Amino acid sequence: MIRSGKFAALGLAIALAAAGVQAAAPQVKTQAPGYYRLMLGGFEITALSDGTVDLPVDQLMDKAKPGTVVKALGKNYLKPPVETSINGYLINTGTKLVLIDTGANGAFGPTTGKLLANLKAAGYQPEQVDEVYITHLHPDHAAGLTKDGQTVFPNAVVRMDQQEAAFWLNADNAAKDPAHKDFFPAAIAALKPYQDAGRLKTFSGETELVPGIRTHAAYGHTPGHTVYMVESQGQKLAVWGDLMHVAAVQFPDPSVTINFDSDSKQAMPQRQKAYADAAKNGYWVAIAHVSFPGIGHIAADGKGYRWVPANYSIKP
Ligand SMILES: [Zn+2]
């Protein structure tokens, strides 16, 4: 039935009024707290977001063929600078609470430094953390150890590869890695209160730190860069740190390097080996700079690989 002109006009007026009421609600423009839970056998894994940092990846991957980075980003509906996640991972083994990487403590601006707030939002307190494992001493992974010269995790022992500590805690080495000279004083400051308290304990190469968490030497991105292999009841998760940075580019082509690497020539085969192993064996991978929560699987895809993000679950 066709409405009369009078009723149609009234209907339009009501519709406009309703639209007006909707538009008057202020836009909120915040996200939910940045944590995501996954059970790995008997271990509870909580991915913690430290926030994001905008990376001009087209200028950072200078060993790629001209144009290939922008093209690969475009296939993923991205363009530089790419808003890039910074993720840490909290593991409750049932007897130990272990944090792998601590975020940037705001070192990269106001969109970073959220890890501690998200740890609390996830139901934990920093005092409960027994051990902090550092993949490497770049500030986006280690600056969150310390705030205003004080330990953020007052009861935690901090662990990392001995080569990593030796390199970054010696300010004289800045001459060997001038591109990252600011990272030396940052690493020294982040670790100082733990060292003073006798709570910095390094390890060498491959070892089991607590039952179910083993270290795997993956040197190259930095001199002591370490992957942590987490295993419970036959389920495995590899926490990769910075084996790779730009998913859109480095999954399809693992040979593309980023100039954050101390030694790109050493870092590249580490990445290729890690992709191949994860794809072959089908275990979980957690990656610091893949879109939060950065947990998923790797699948072989033609000459390269493909990221398969974890299927969202409300019942971890
Ligand atoms: Zn990083």
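You'll find the structure just up there.
**What to know about the coordination of the zinc ion**
For the zinc ion, the full set of protein donor atoms is D140 (OD), H141 (NE2), D242 (OD) and H289 (NE2), at a range of 2.1 to 2.2 Å. Taken together, the four donor atoms coordinating the zinc ion span angles of 85 to 166 degrees at the metal, a pattern that classifies the geometry as irregular. Sequence spacing among the residues donating to the zinc ion works out to D-H-x100-D-x46-H. Remark: D242 occurs in the loop between β13 (235–239) and α8 (247–250) and H141 occurs in helix α5 (residues 139–142); sequence separation between them is 101 residues.

**Observations concerning the pairing of strand β11 (residues 213–217)**
In β11, alternate side chains face the same way, and those of I213, T215 and A217 are buried while those of R214 and H216 on the opposite face are not. In terms of strand pairing, strand β10 (residues 208–210) meets β11 through two bridges, oriented antiparallel. Along β11, the bridge assignment pairs E208 with R214. Linking β10 to β11, which pair antiparallel, is a turn of two residues; within it G212 sits at a positive phi near 100 degrees. Relative to strand β12 (residues 226–232), β11 runs antiparallel, the two being bridged by five bridges. From the neighbouring strand, H216 faces β12, where its bridge partner is V227.

**Examining helix α9 (residues 264–281)**
Taking 1.5 Å of rise per residue, 18 residues should cover 26 Å, and α9 covers 26 Å from first to last C-alpha, within 8% of that figure. Every buried residue belonging to α9 is among S264, A267, Q270, R271, A274, Y275 and A278, and all of these are buried. Projected down its long axis, α9 shows its buried positions confined to an angular sector of 135 degrees, all on one face. Of the exposed residues in α9, the ones pointing more than 90 degrees away from its buried face are K265, K273 and K280. Against β11, α8, β14 (284–286), β15 (295–301) and β16 (304–309) lie the buried residues of α9. Two or three places before K265, at the start of α9, stands the capping residue D263, its side-chain oxygen 3.2 Å from that residue's backbone nitrogen. Within two residues after α9, G282 carries a phi angle of roughly 70 degrees, on the positive side.

**Examining helix α3 (residues 68–75)**
Along α3, the residues classified as buried are V69, A72 and L73. Down the axis of α3, the smallest arc covering the buried residues is 100 degrees, so these residues share one side. In α3, the exposed positions that point more than 90 degrees away from the buried face belong to K71 and K75. Contacts made by the buried residues of α3 are with α2 (57–60), β3 (82–92) and α8. One or two residues past the end of α3 sits Y77, with phi positive at roughly 60 degrees.

Rules and cut-offs
- Residues numbered from 1 in each chain as written.
- Predicted model: local features only at pLDDT ≥ 70, side-chain atom pairs only at ≥ 80, totals over all residues.
- Heavy atoms only, no water.
- Donors = N, O, S within 2.8 Å, 3.2 Å for Na, K, Ca; no water.
- Tetrahedral: all angles 85-135°; square planar, octahedral: opposite > 155°, others 65-115°.
- Helix = DSSP H or I, 4+ residues; strand = E, 2+ residues; numbered from the N terminus.
- Buried < 20%, exposed > 50% of the residue type's maximum accessible area, 1.4 Å probe, protein only.
- Pairing = 2+ DSSP bridges.
- Expected span 1.5 Å × (residues − 1).
- Arc of directions from axis to C-beta.
- Contact = heavy atoms within 4.5 Å.
- Polar contact = N/O pair within 3.5 Å; in protein donor to acceptor, adjacent residues only side chain to side chain.

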